[in-house]
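Listed below, chain by chain, are the residues.
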Amino acid sequence: MGAQLDWFDESILICRLKGAFDYETYGVLEGQLPPMIASADDRVDLILYLTRGAALPRAPLREAAILLNILPQNAGVVVGVAESLWLSNWVSVGLASIALRGQTRLFAARTVLDAVERITRCRARFPSGG
């Protein structure tokens, strides 16, 4: 399976990406994720967890922008976590944020716990969402 969705807690979803980024992965991210978030009464934040060996789509920044655009109104921030150094170093994060033209809903973290801390800080700063 390319992607697996689970509730991390009552207001945070975690999507574990494994293996190839294929049609099944797109099906989860575009077909299952938005309705799952929309079904919640309150804000839902998302952790995208790329496990070691998980492949990225051909144009990851474009796909991230598309994902942010299809999420429902109650979606908060999206925090990417990667076991790969390239994806989790701050230079890559900075370049990604420039490429996404000031997008303030997309962040990166080194671990899932760091992602939860980032979400907590974002919620304190922006209680209504991203």
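Every value quoted in this text rests on a predicted model; they were computed, and no experiment measured them.

Chemist: Please clarify how the overall build of the protein chain should be interpreted in this entry.
Modeler: Each helix and strand counted, the protein chain has five helices and five strands in total. For the protein chain, the sequential pattern of α-helices and β-strands runs β-β-α-β-α-β-α-α-β-α. Total accessible area on the protein chain is roughly 7,400 Å²; 56% of this is exposed by carbon and sulfur atoms.

Chemist: What am I meant to see in the packing of aromatic side chains here?
Modeler: Within a pair of aromatic rings, the relevant descriptors are the distance that separates the centres and the angle that separates the planes. In total, this model carries one aromatic pair according to the counting rule given. Measuring from centroid to centroid gives 5.0 Å for phenylalanine 21 and tyrosine 26, while their planes differ by 85°, and the two rings are edge-to-face.

Chemist: What exactly am I supposed to notice about the pattern of salt bridges here?
Modeler: It is possible for side chains bearing opposite charge to pair when their charged atoms get close. Scanning the model with the defined rule gives three salt bridges in all. Of the charged contacts, one joins aspartate 6 and arginine 16 as a salt bridge, the two residues approaching to 3.1 Å between their closest N and O atoms. With aspartate 6 in strand E1 (residues 3-9) and arginine 16 in strand E2 (residues 12-17), this residue pair connects regions lying ten residues apart in the sequence. For arginine 16, a relative accessible area of 27% puts it in the partly exposed group. For arginine 123, the salt bridge is made with aspartate 45, and the minimal N-O distance between the two is 2.6 Å. Note that arginine 123 is positioned in helix H5 (residues 112-125) and aspartate 45 in strand E3 (residues 44-50), a separation of 78 residues in sequence. The class for arginine 123 is partly exposed, based on a relative accessible area of 25%. Put simply, Arg43, Asp45 and Arg123 are held in one network by salt bridges that share partners.

Chemist: Any chance you could explain the pairing of strand E4 (residues 75-82) here in plain terms?
Modeler: Consecutive side chains along a regular strand alternate between the two faces of the sheet. Across the eight residues that make up E4, a large majority, seven, are buried. Note on the crossover from E3 through helix H2 (residues 60-70) to E4: the handedness is right-handed. Pairing analysis gives four bridges linking E4 to strand E5 (residues 106-109), with the strands arranged parallel. When the bridges of E5 are listed, valine 79 appears paired with phenylalanine 107.

Chemist: Mind showing me how you'd approach the side chain of threonine 51 here?
Modeler: Position of threonine 51 among the secondary structure elements: in the loop between E3 and H2. Given a relative accessible area of 17%, threonine 51 falls into the buried group. In terms of polar contacts, threonine 51 uses its side chain to reach the backbone carbonyl oxygen of leucine 17, at 2.9 Å. Not counting the four nearest positions on each side in its chain, threonine 51 is found in contact with Leu17, Lys18 and Glu83.

Chemist: Honestly, the side chain of serine 11 in this entry has me stumped. Any pointers?
Modeler: Residue placement: serine 11 occurs in the loop between E1 and E2. Engagement of the side chain of serine 11 in a polar contact is seen with the side chain of arginine 123, the distance being 2.9 Å. When residues no more than four places from it in sequence are discounted, the contact partners of serine 11 are Arg43, Val44, Asp45 and Arg123.

Chemist: Please explain the sheet that holds E4 as it appears in this structure.
Modeler: Sheet strands pair by backbone hydrogen bonding; their relative direction is either parallel or antiparallel. Read from one edge to the other, the open sheet built from five strands follows the order E1-E2-E3-E4-E5, with strand pairing classed as mixed. Each of the sheet's edge strands pairs with one partner strand only, and the pair in question is E1 and E5. Each strand axis lies, on average, 25° off the axis of its neighbour in the sheet, ignoring direction. Bridge count between E1 and E2: six bridges; the pairing is antiparallel. The partner of aspartate 6 across the bridge, within E2, is isoleucine 14.

About the cut-offs
- Residues numbered from 1 in each chain as written.
- Predicted model: local features only at pLDDT ≥ 70, side-chain atom pairs only at ≥ 80, totals over all residues.
- Heavy atoms only, no water.
- Helix = DSSP H or I, 4+ residues; strand = E, 2+ residues; numbered from the N terminus.
- Areas by Shrake-Rupley, 256 points an atom, 1.4 Å probe, with all protein chains shown as cover.
- Phe/Tyr/Trp six-rings, centres within 6.5 Å; stacked < 30°, edge-to-face > 60°.
- Salt bridge = Lys/Arg side-chain N within 4 Å of Asp/Glu carboxyl O.
- Buried < 20%, exposed > 50% of the residue type's maximum accessible area, 1.4 Å probe, protein only.
- Right-handed = clockwise from strand over helix to strand, strands pointing away.
- Pairing = 2+ DSSP bridges.
- Polar contact = N/O pair within 3.5 Å; in protein donor to acceptor, adjacent residues only side chain to side chain.
- Contact = heavy atoms within 4.5 Å.
- Axes fitted to C-alpha atoms, helices over the stretch in contact; angles between N-to-C directions.

Geometric values such as these leave the question of function open.
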